[in-house]
Amino acid sequence: MTTLLLNLRQVPDDEAEEVRTLLDEQQIPFYETTPSLWGISSGGIWLTNPVDRERAKALMEDYQEQRTRRERERFEEAQRDGTAPTLGGRLRDQPGRALGVLIAVTVLILVTLVPFLTLGEH
């Protein structure tokens with residue numbers, strides 16, 4: 001029976017590639033499914049041999065701890081250098097998107113609150 005090792009929803013390409021390389025290096029057979037056309041399923045990396053399940057899960061735990069530590073260090077270094085993404089920087093880089101989100105949130109709040117605000121006016 002096959003076992004899902006990694007759901008590829010919102011997984012960066014470099015992380016998926018590192019997991020594939022790790023499995024290849026450890027000679028753990030796997031196959032990959034692609035995301036569906038409409039986004040219902042996100043694809044995944046599956047183990048073909050149930051015997052490899054525990055070893056692969058342990059390898060994934062170690063890998064994810066190392067990746068978390070590495071990404072955290074990279075982010076902290078970017079903060080020290082002043083190159084980490086900030087809200088102000090994103091607003092400057094994408095003013096149209098920021099304005100669109102602000103308009104959408106305002107409309108949503110109005111649609112939600114107008115019935116309550118006009119409740120006693122009749």
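As a reminder, the structure under discussion sits directly above these lines.
Residues numbered from 1 in each chain as written. Predicted model: local features only at pLDDT ≥ 70, side-chain atom pairs only at ≥ 80, totals over all residues. Heavy atoms only, no water.

(A) Molecular detail of the overall build of the chain. A count of helices and strands for the chain gives four helices and three strands. Sequence-ordered secondary structure for the chain, helices as α and strands as β, is β-α-β-β-α-α-α. Along the longest, intermediate and shortest principal axes, the C-alpha atoms of the chain span 70 × 45 × 25 Å. Burial statistics for the chain: of 122 residues in total, 20% are counted as buried. Looking at the chain alone, contacts between residues at least 24 apart form 61% of all its contacts between residues at least 6 apart. In the chain, which carries 14 positive and 20 negative side-chain charges, the distance between the mean positions of the two groups comes to 3 Å. (Helix = DSSP H or I, 4+ residues; strand = E, 2+ residues; numbered from the N terminus. Buried < 20%, exposed > 50% of the residue type's maximum accessible area, 1.4 Å probe, protein only. Contact = heavy atoms within 4.5 Å. Lys, Arg positive; Asp, Glu negative; His and termini not counted. Charge placed at Lys NZ, Arg CZ, Asp CG, Glu CD.)

(B) Seen up close, the nonpolar core. Counting residues in each nonpolar core, the largest one holds 15 residues, and the members touching the most others are Leu6, Val19 and Leu23. Elements represented by at least two residues in this core include exactly β1 (3-7), α1 (13-25), β3 (44-47) and α2 (53-81). Those residues within four positions of Leu6 in sequence are excluded, and the remaining contacts are Val11, Val19, Gly43, Gly44, Ile45 and Met60. (Core = buried A, V, L, I, M, F, W, Y, C linked by side-chain atoms within 4.5 Å.)

(C) Structural view of the packing of α1 against α2. The interhelical angle for the contact between α1 and α2, taken along N-to-C directions, is 140 degrees, at an axis separation of 11 Å. When the interaxial angle is binned, α1 and α2 end up oblique. Between α1 and α2 lies a crossing of right-handed hand. Facing α1, whose interface residues are Asp14, Glu15, Glu18, Val19 and Leu22, α2 presents Leu59, Met60, Tyr63, Arg67 and Arg70. Along the lines of polarity and charge, the residues of the contact of α1 with α2 split into five nonpolar, no polar and five charged. (Axes fitted to C-alpha atoms, helices over the stretch in contact; angles between N-to-C directions. Parallel < 35°, antiparallel > 145°, perpendicular 65-115°, else oblique. Left-handed = near helix turned anticlockwise from the far one by under 90°. Nonpolar A, V, L, I, M, F, W, Y, C, P; charged D, E, K, R; others polar.)

(D) Just the environment of Asp14, in detail. Relative to the helices and strands, Asp14 resides in helix α1. Under the relative-accessibility criterion, Asp14 is labelled partly exposed at 39%. Sequence spacing of Asp14 and Asp52 is 38 residues, and the spatial spacing of their C-alpha atoms is 23 Å.

(E) Broad picture of α1. Under the 1.5 Å per step criterion, the end-to-end length of α1 is 18 Å for 13 residues, consistent within 8% with the ideal 18 Å. Of all the residues in α1, the buried ones are Glu15, Ala16, Val19, Leu22 and Leu23. Each buried residue of α1 lies within a common arc of 120 degrees when the element is viewed along its axis, so the set occupies one face. Seen from the buried face of α1, the exposed residues on the opposite side, beyond 90 degrees, are Asp13, Asp24 and Glu25. Turning to α1, the residues buried within the fold contact β1, β2 (30-33), β3 and α2. (Expected span 1.5 Å × (residues − 1). Arc of directions from axis to C-beta.)

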